[in-house]
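Residue-level structure breakdown
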Amino acid sequence: MYPPHSEKTVIPVDVEHGGLRLVIALIFIGAGIALYLLISALIPAGSLNLIAILGALLGAAGVAYLVESQLKRRWRSGKSVEISDEAVVLHQPKNNDTVTIDPQVSLTMRWRFRIERRSRVPKGWYMVAAALEQDDQHITVYTLMSPQAYREFDPDERFTALEKAKDKGDAESLRLAGEQRRLHRAESLRWHEGVEMTHDDFVQYVGYLEKFTVAQ
């Protein structure tokens, strides 16, 4: 699950980067229009050609899926997380930026929340994140999991559920509120600076972190 001794493992991150998503969206739209015109010419109908619309949507989705699967292998974001026994290193070549953190002395935070609106993944999926913090430097990685995948990954609920902001009064609630404040701050950093891993890479990465740290 993690590299032995000083061996380094490099994990690509942000596989579905912004440029890729834009190109796929444009391909979907272009393929949809072309297929609609083609099907309408082959199967004429009234003012609203439902067969052409349905065929165009299905065909465009298929074309976009095939193109995306090929582009993911060839068009990388350039970002990666390198892990070894000595350090976790985030490489961001396009920003000429490298962040290095010693996992043995860093603060580790883990959290999750359910996605309330359908976006790239269905509503009800989980955003699951792990952050390392050391000397005002941060490395935050996350992934998206289905409910079943999350239950299998974290049956003991080691990843704290991120609560919505609300007033609390007693001492225990205040302690939890303090924990939640740290997690909300970490989530804000994730939103702006976090990098996404695939499910399998994230599981490998968390297994590596558990070699050194206890979640706080």
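Below is a short write-up of the structure. (Residues numbered from 1 in each chain as written. Predicted model: local features only at pLDDT ≥ 70, side-chain atom pairs only at ≥ 80, totals over all residues. Heavy atoms only, no water.)

**Observations regarding the nonpolar core**
V81, V88, F202 and Y205 are the most contacted members of the largest nonpolar core, which has 26 residues in total. Put simply, the parts of the chain that give this core at least two residues each are β2 (80–83), β3 (88–92), β4 (97–101), β6 (126–134), β7 (137–145), α3 (147–153) and α5 (199–209). Among the elements that take part in this core, α5 stands out by supplying five residues, more than any other. Excluding its chain neighbours within four sequence positions, the residues that come into contact with V88 are V81, E82, I83, V99, T100, I101, P103, L132, I139, Y205, Y208 and L209. Listed in part, the 12 residues of the second largest apolar core include I115, M127, A129 and L144. (Core = buried A, V, L, I, M, F, W, Y, C linked by side-chain atoms within 4.5 Å. Buried < 20%, exposed > 50% of the residue type's maximum accessible area, 1.4 Å probe, protein only. Helix = DSSP H or I, 4+ residues; strand = E, 2+ residues; numbered from the N terminus. Contact = heavy atoms within 4.5 Å.)

**Considering the sheet that holds β6**
In space, the five strands of this open sheet follow the order β8-β5-β6-β7-β9, with mixed pairing throughout. Strand pairing shows two members of the sheet lacking a second neighbour, β8 (160–161) and β9 (195–196), which therefore form its edges. Pairing between strand β5 (residues 107–114) and β6: eight bridges, direction antiparallel. Following the sheet pairing, T108 is matched in β6 by L132. Contacting β6 and β7, α5 runs over the sheet at an angle of about 135° to β7. (Pairing = 2+ DSSP bridges. Axes fitted to C-alpha atoms, helices over the stretch in contact; angles between N-to-C directions.)

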